[in-house]
Every structure is written in structure tokens, then in C-alpha cells.
There are 2 protein chains.
Amino acid sequence: MKGKRTNLGEKACAIARALGVIGDWWSMLIIRDALAGKRRFGEFQSSLGVAKNILSTRLQKLVEHGVLTVTSASDGSAYKEYVLTAKGEKLYLVTVALWQWGEEFCFAPGELTYDMVDKETCKPFQPLELRTRSGRVAGPRDLQPLPRVKSKVKHSKQGATARERSGGDIR
Amino acid sequence: MKGKRTNLGEKACAIARALGVIGDWWSMLIIRDALAGKRRFGEFQSSLGVAKNILSTRLQKLVEHGVLTVTSASDGSAYKEYVLTAKGEKLYLVTVALWQWGEEFCFAPGELTYDMVDKETCKPFQPLELRTRSGRVAGPRDLQPLPRVKSKVKHSKQGATARERSGGDIR
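So, a few notes on the structure that sits alongside this text. (Residues numbered from 1 in each chain as written. Chains lettered and ligands numbered in written order. Predicted model: local features only at pLDDT ≥ 70, side-chain atom pairs only at ≥ 80, totals over all residues. Heavy atoms only, no water.)

So, the interface of chain A and chain B
Right, on to step 1. Facing 94 residues of chain A, the contacting portion of chain B comprises 93 residues.
Right, on to step 2. Interface of chain A and chain B: buried area, both sides summed, is about 9500 Å²; carbon and sulfur atoms make up 65% of it.
Right, on to step 3. Taken as a group, A:Ile15, A:Trp25 and A:Trp101 account for 9% of the area that chain A buries against chain B, more than any other trio of residues on that side.
Right, on to step 4. Counting every contact that joins chain A to chain B gives 12 salt bridges. (Contact = heavy atoms within 4.5 Å. Buried area = accessible area lost by both parts, 1.4 Å probe. Salt bridge = Lys/Arg side-chain N within 4 Å of Asp/Glu carboxyl O.)

In C-alpha cells, the structure reads:
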């Protein structure tokens, strides 16, 4: 299983590669807790109720992938602390997408006891929206993975993708 | 492990509950493929290179959770087809969040060979943004889970949360 996951993570798909880093249940919950300010092994353990060896493996993997970094304790004690890097913090959009989907579809009416709110105003956020460059809101059927045109390949038949035909100015 | 996952999925956190449905590597990749138009067991299998029994279990779970539904083949043949429900389609925002994060952080410069584009214009989407109700773009440190005030509990000390103080008009 481990081998398969690694192989798939190395493919061209950014979703598969992201899942190679954070694509297991515990890792996403560790990131949720880190975003909420938890930093220490014991804090993650008591929040998640997870076995020490499982937590230890996940934390180590997240450090290896640059999602968390290990620092000395902020209170000067001998504890290690696990802090989100810029790469790790950016996962907040994944956790929010999960939260909003879970809130909409995974609770019976009146069952949800928490909201995810803006710290400053204590009010929920707007639902995430995917927008095209022109600002149109895109739906699930508007997505398409498209091969990038390599700059070295010019005037080849293979290179004449829809993107070129549309005069694409891809990053 | 299975028991723990179920328990955690029943907690108050919408992220945990969402992960209880789609929080494993294969399920998210099945959803990615379903969003790309794949419908048949064989199509998922050849795309993912996953063992039949693993794929079968995941598809069944996604059907049980109402993410996929089973229909007769669109070509009138005897095949079953797995089609995203409205609940399943809405997961496109999770896959886009994963894609954009993976694209930004999990590839070396020039290594990425695909873009996720808008089908109509063949151009990449805008990065997802989390916005407060007033339209301010929120960052990773702006999130806070806040207990909902139960409508039955009035004038209790416990009910006097920050939300009430802010005159919150929570859904």
C-alpha cells in the first residue's frame, strides 16, 4: 500500500501529490488542530485520542514534507513544538472546504453544534467559490485538467492544444 | 482503526465528519475521476491502478454515504455506472483546494505538466479565497470554531458567547 501511494503521489496530478502529503485522516486532523493553535505532542494526542506511535509517524511525515517545523517550546521548557510552516498554513483552504462540505451534507438539521467563524467578527464565512479569470463562478462540471504546452515544443501537432488555440497565457 | 474513525466522525467537527466520508486517499481520487467523467468500475480501476477489492469497498462506501449513486449504463449495456450525486459534486471545491495547494507546494519549478482549467476558456481558475461576510479575505489565523447557541437556552451564562455579544445572526 505504501509503495502504491508513493507512486501515485509522483504522477502529474496535483491532487494526487497533495494527497501524498496530507491524504490520510490523521494528518488532516493534525493540521486542523495546528491551525487552531495546538503545538505539542500531548495537545495533539489528547485532542485526537490517537495512539502515540501513529501520531508520532504522522508528525514526522508532516515535518519531512515541510508542512510542520519543529521548534523549541515557546515557554522556554524542554518540550518540542510543532508549528505550521507557510506551506502548512496554506492548507487552511482545504480544511475550510472540508468544513463547509461537512456542514452542508453530513449533519442532520439542528445537529451541528459548532460554526467555523471569523475570529474578529464571530460570524461564519462566505461559502468558498471557484471563479474563472473573468470572475464567473465555476461549478463541478467546469473543471478540466489540461496538459501544459512545453515551451521547447513549437509548431508540433501535439502542441496544438485547446489552450494554444484560445491564445492561452498560462502561468 | 475502523472504530476510531467512526467515533471521530461522529464528533461535532464538520472536518472530522467530512473525513469520515471521504478521508482516505482512494476515495478522493475516485471523486476526482468521477468529476472528470469516469463512471465505470473498469474506468476507475485502470485510472487508479488499485486492487479490485479496495476499489469495490471504496465505491460501496461512497454509495452508502450518498456521494455516488449507482445507475444503469448510459449506453444500454449491462454495466453499472457510478455517478456523483449533488452531495458528491459539491466536493469539487475540496479537490480544487487540494489541486491548488499541490500545485503551489508539491512540484519543482517546471515539473507540473497539467493545469486545472475552466472547460470553456481553457484558462486556469483564480485561487480560492476565503471571505468574511463583509468581503475581507481571511487568512489561516482568522479561523475559529465557535459553539452554536441553542435557541432553547436563554439568558444563561453559558449562552452568552462572543457571538451573542456581537449580535450574531448565525444560520
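Re the pattern of salt bridges
Right, on to step 1. Following the criterion strictly, the structure yields 26 salt bridges over all chains and no others.
Right, on to step 2. With a shortest N-O distance of 4.0 Å, B:Arg136 and B:Asp142 are connected by a salt bridge.
Right, on to step 3. Judged by relative accessible area, which is 29%, B:Arg136 ranks as partly exposed.
Right, on to step 4. On the basis of relative accessibility, which here comes to 22%, the residue B:Asp142 falls in the partly exposed class.
Right, on to step 5. Taken together, the shared-partner salt bridges connect A:Arg39, A:Arg40, A:Asp75 and A:Glu81 into one network. (Buried < 20%, exposed > 50% of the residue type's maximum accessible area, 1.4 Å probe, protein only.)

Overview of the packing of aromatic side chains
Right, on to step 1. Using the criterion set out here, one finds 4 aromatic pairs over all chains in the structure.
Right, on to step 2. Arranged with centres 6.3 Å apart and planes meeting at 85 degrees, the rings of A:Trp25 and A:Trp26 form a pair that is edge-to-face.
Right, on to step 3. Judged by its relative accessible area of 1%, A:Trp26 falls in the buried class.
Right, on to step 4. A cation sits over an aromatic face here: B:Arg17 above A:Phe107, 3.8 Å from the ring centre. (Phe/Tyr/Trp six-rings, centres within 6.5 Å; stacked < 30°, edge-to-face > 60°. Lys NZ or Arg CZ within 6 Å of the ring centre and 35° of its normal.)

Notes on the packing of helix H7 (residues 92-105) of chain A against helix H2 (residues 14-22) of chain B
Right, on to step 1. Contact geometry of H7(A) with H2(B) gives a least axis separation of 7 Å together with a crossing angle of 85 degrees. With respect to each other, H7(A) and H2(B) are oriented roughly perpendicular. Residues A:Thr95, A:Leu98, A:Trp99, A:Trp101, A:Gly102 and A:Glu103 of H7(A) touch H2(B), and the partners they reach there are B:Ala14, B:Ile15, B:Ala18, B:Leu19, B:Val21 and B:Ile22.
Right, on to step 2. Residue composition of the contact of H7(A) with H2(B), grouped by class: 9 nonpolar, 2 polar and 1 charged. (Axes fitted to C-alpha atoms, helices over the stretch in contact; angles between N-to-C directions. Helix = DSSP H or I, 4+ residues; strand = E, 2+ residues; numbered from the N terminus. Parallel < 35°, antiparallel > 145°, perpendicular 65-115°, else oblique. Nonpolar A, V, L, I, M, F, W, Y, C, P; charged D, E, K, R; others polar.)

Let's talk about the relation of the copies chain A and chain B
Right, on to step 1. The two copies are related by a screw motion: chain A maps onto chain B through a turn of 180 degrees and a shift of 0.0 Å along the axis, at an RMSD of 0.0 Å. Overall, the copies show the geometry of a two-fold rotation axis. Using C-alpha coordinates, one finds that chain A approaches the rotation axis most closely at A:Asp24, a distance of 2.7 Å.
Right, on to step 2. A high fraction, 99%, of the interface residues of chain A reappear at the interface in chain B, so the copies pair face to face through one surface. (Least-squares fit on C-alpha atoms with pLDDT ≥ 70 in both.)

A look at the pairing of strand E2 (residues 80-84) of chain A
Within a regular beta strand, the side chains point alternately toward one face of the sheet and then the other, so they alternate between its two faces.
Residues and elements named next belong to chain A.
Right, on to step 1. Within E2, 4 of the 5 residues are buried, which leaves the element mostly enclosed by the surrounding structure.
Right, on to step 2. Pairing of strand E1 (residues 68-72) with E2, which is carried by 5 bridges, proceeds in the antiparallel orientation. Across the sheet, the residue bridging to threonine 69 is valine 83, located in E2. (Pairing = 2+ DSSP bridges.)

Points about helix H3 (residues 25-35) of chain A
In an α-helix, one turn spans 3.6 residues; hence positions three or four apart end up facing the same way.
Right, on to step 1. By the criterion of burial, H3(A) is predominantly enclosed, with 11 of the 11 residues buried.
Right, on to step 2. Just past H3(A), the residue A:Gly37 takes up positive phi, approximately 105 degrees.

Some points on the nonpolar core
Right, on to step 1. Of all hydrophobic cores here, the largest spans 90 residues; its most connected members are A:Ile22, A:Leu98, A:Leu130, B:Ile22, B:Leu98 and B:Leu130.
Right, on to step 2. Once residues lying within four places of it in the same chain are set aside, the contact partners of B:Ile22 are A:Leu98, A:Trp101, B:Ser27, B:Met28, B:Ile31, B:Leu62 and B:Leu91. (Core = buried A, V, L, I, M, F, W, Y, C linked by side-chain atoms within 4.5 Å.)

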